[in-house]
Structures are given as structure tokens and as C-alpha cells.
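Letter by letter, the chains look like this.
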Amino acid sequence: GWFIGPVAALLQPTLTCSVAILFSPGLVGADTCLGLLGFAKCLAAAGSVTYIVTFAFSAKPRRAKCVAASRSCIRWLVEPRTLYRDATFSFCAHYGIVFEVYSVHRHWFAAVEFTVSLIFGVIGGLQLASVGSCTALLAIVTVAAFMFLLLIVVMRPYSSPLDFGIALLNALSTCVA
């Protein structure tokens with residue numbers, strides 16, 4: 001979503017740097033503390049979003065009115081097909097930005113996006129620290145990217161065609177790269 005994308009985009013390079021610092025030989029003291037702090041912050045961000053969309057989720061989905069493609073092409077592309085209402089006081093006001101772009105009963109996909117960012121971040125850090133075979137690490141990234149692409153196509157977790165298209169293009173470019 002609009003919130004998940006930027007946070008996940010910052011999560012991956014932060015985690016990459018943290019893992020590279022932690023696994024680089026000869027680093028002690030402040031460098032190790034910096035690596036541990038970055039690693040802990042990334043896990044905390046991913047953990048909090050996962051908690052919100054799985055265990056603490058208390059919003060009720062309802063389908064939005066369908067916008068006719070002929071009336072406004074931009075509205076048809078951008079507007080979500082799912083709206084949420086509060087099941088408890090102000091849950092949507094506080095956390096709605098985390099799950100509002102997802103289809104009905106697909107709000108948990110935010111946790112999947114964060115997990116993919118964590119996997120790619122750790123593997124990128126291991127590559128920078130020269131831990132393991134580069135070929136094996138790239139094979140793991142390629143398999144994970146294809147699985148994520150397949151999950152997007154099969155589950156169709158995004159509520160608007162624009163979000164689906166952006167996610168599909170992003171996943172496809174990751175597979176190709």
C-alpha cells in the first residue's frame with residue numbers, strides 16, 4: 001500500500017546494511033551496536049505491522065460502490081474497491097493506512113510484503129559481507145521473487161487496479177533483475 005511501500009523500501013536497505021555490518025569480519029564496538037540497532041528496528045517495524053494486520057485487526061470490510069470505467073478512468077484506476085469500518089473505536093483512523101489498499105480479507109498481505117523485504121534485506125547484507133556463495137544467494141532471491149509474483153497474481157490482494165499494476169510491475173522487475 002501507500003504506507004507499506006515506502007516503509008518496506010526503507011526496511012530492505014537498512015536491514016542490508018545492518019546484516020553487512022554484523023557479518024563483516026573485524027568489526028567491534030560501535031559498529032556492532034549500530035548493526036544490532038538497525039536489525040532490531042527493522043524487526044520491530046515488520047513485527048508491529050504483522051501484529052496489526054493479523055492479531056489486532058478489528059475492522060469490518062465492505063465493498064465500495066463500483067466506479068464505472070466510462071465515467072472517470074482515473075477514479076476507476078485509483079479508487080479502492082474495499083472500504084473498512086471500525087469494529088472497535090477508531091481502529092481504522094489509527095491503522096487504516098496499513099491495510100486500506102488491500103481487497104476484502106487480504107489485509108494480511110501487508111505482513112507478506114514485509115517478510116519479502118526482510119528476506120531480500122538479509123540476503124543483500126550477506127552478499128555485501130561475502131558470506132556464502134553469490135550464486136546460491138541470487139538463486140534464493142530469484143525463487144522468492146517468483147513466488148511473490150505468483151502470490152500477487154493468484155491472490156490479487158490489492159483493491160485498486162493501479163495498486164495491483166504497480167505491485168505486479170515491481171515484482172516482475174525484481175524477478176528480471
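In this text the structure is predicted, and so the values were computed from the model without any measurement.

Chemist: Hey, could you run me through the nonpolar core in this one?
Modeler: Burial of nonpolar side chains together is a common tendency in soluble globular proteins. Y102, F109, F120, F148, I152 and Y158 are the most contacted members of the largest nonpolar core, which totals 31 residues. Broken down by secondary-structure element, the contributors of at least two residues to this core are α1 (4-23), α2 (30-54), α5 (109-128), α6 (134-155) and α7 (161-176). The biggest single contributor to this core is α5, with nine residues.

Chemist: Help me understand the packing of aromatic side chains, please; the structure alone is not making it clear to me.
Modeler: Centre distance and the angle of the planes are the two values used to describe a pair of aromatic rings. The final tally for this structure, using the stated rule, is three aromatic pairs. For the ring pair F109 and Y158, a centre distance of 5.9 Å and an interplane angle of 80 degrees mean the geometry is edge-to-face. Here F109, found in helix α5, pairs with Y158, found in the loop between α6 and α7; they are 49 residues apart in sequence, far enough to count as distant. For F109, a relative accessible area of 0% translates into the label buried.

Chemist: Help me understand the packing of α6 against α7 in this model?
Modeler: A pair of packed helices can be characterised by two numbers: the angle between their axes and the separation between those axes. Relative orientation of the contacting elements α6 and α7 amounts to 160 degrees, with a least axis distance of 9 Å. Here α6 is positioned roughly antiparallel relative to α7, judged by the angle of their axes. Every pair of crossing elements has a handedness; the one defined by α6 and α7 is left-handed. Across the interface between the two elements, A145, F146, F148, L149, I152 and V153 from α6 touch F164, A167, L168, A171, L172, T174 and C175 from α7. Tallied by class, the residues present in the contact of α6 with α7 amount to 12 nonpolar, one polar and no charged.

Chemist: Could you clarify how one ought to interpret α7 in this entry?
Modeler: Because the α-helix completes a turn every 3.6 residues, residues three or four places apart line up on one side. Look at α7: 22 Å from first C-alpha to last across 16 residues, which is about the 22 Å you get at 1.5 Å a residue. Restricting attention to buried positions, one finds in α7 the residues D163, F164, A167, A171 and C175. Along the axis of α7, the buried residues cluster in a sector spanning 100 degrees; they form a single face. The exposed residues of α7 that point more than 90 degrees off its buried face are L169 and V176. As for α7, its buried residues are in contact with α6.

Procedures and definitions
In every chain, residue numbers begin from 1 and rise along the written sequence. The predicted nature of this model means local features are confined to residues of pLDDT at least 70 and side-chain atom pairs, given and counted, to a pLDDT of 80 or more, with totals for whole chains, interfaces and linings taken over all residues. Each side-chain value is derived from all of the structure's non-hydrogen atoms; neither hydrogens nor water enter the calculation. For this analysis, a nonpolar core means a set of buried residues of the types Ala, Val, Leu, Ile, Met, Phe, Trp, Tyr and Cys, connected via side-chain atoms within 4.5 Å. We call a residue buried when its accessible area falls under 20% of the maximum for its residue type, exposed when it is over 50%, and partly exposed in between, using a 1.4 Å probe and counting protein chains only. Only runs of H or I of at least four residues qualify as helices and only runs of E of at least two qualify as strands under DSSP, and these elements are numbered from the N terminus. Any two of the Phe, Tyr and Trp rings considered here, Trp counted by its six-membered ring, make a pair once their centres fall within 6.5 Å; the pair's planes then place it as stacked at under 30 degrees, edge-to-face at over 60, or tilted in between. Angles run from 0 to 180 degrees between N-to-C directions of axes, and those axes are lines fitted to C-alpha atoms, restricted for helices to the stretch in contact. The labels follow the angle: roughly parallel below 35 degrees, roughly antiparallel above 145, roughly perpendicular from 65 to 115, and oblique for the rest. For a crossing to be left-handed, the near helix must be turned anticlockwise from the far one by less than a right angle; the clockwise case is right-handed. A contact between two residues is defined here by any heavy atoms of the two lying within 4.5 Å. Residues are sorted three ways: Asp, Glu, Lys and Arg are charged, Ala, Val, Leu, Ile, Met, Phe, Trp, Tyr, Cys and Pro are nonpolar, and all the rest, Gly among them, are polar. Multiplying 1.5 Å by the residue count of a helix minus one yields the expected span of that helix. Starting at the helix axis, one direction is taken to each C-beta atom, and the arc is that of these directions.

Any link to function would need more than the numbers given here.
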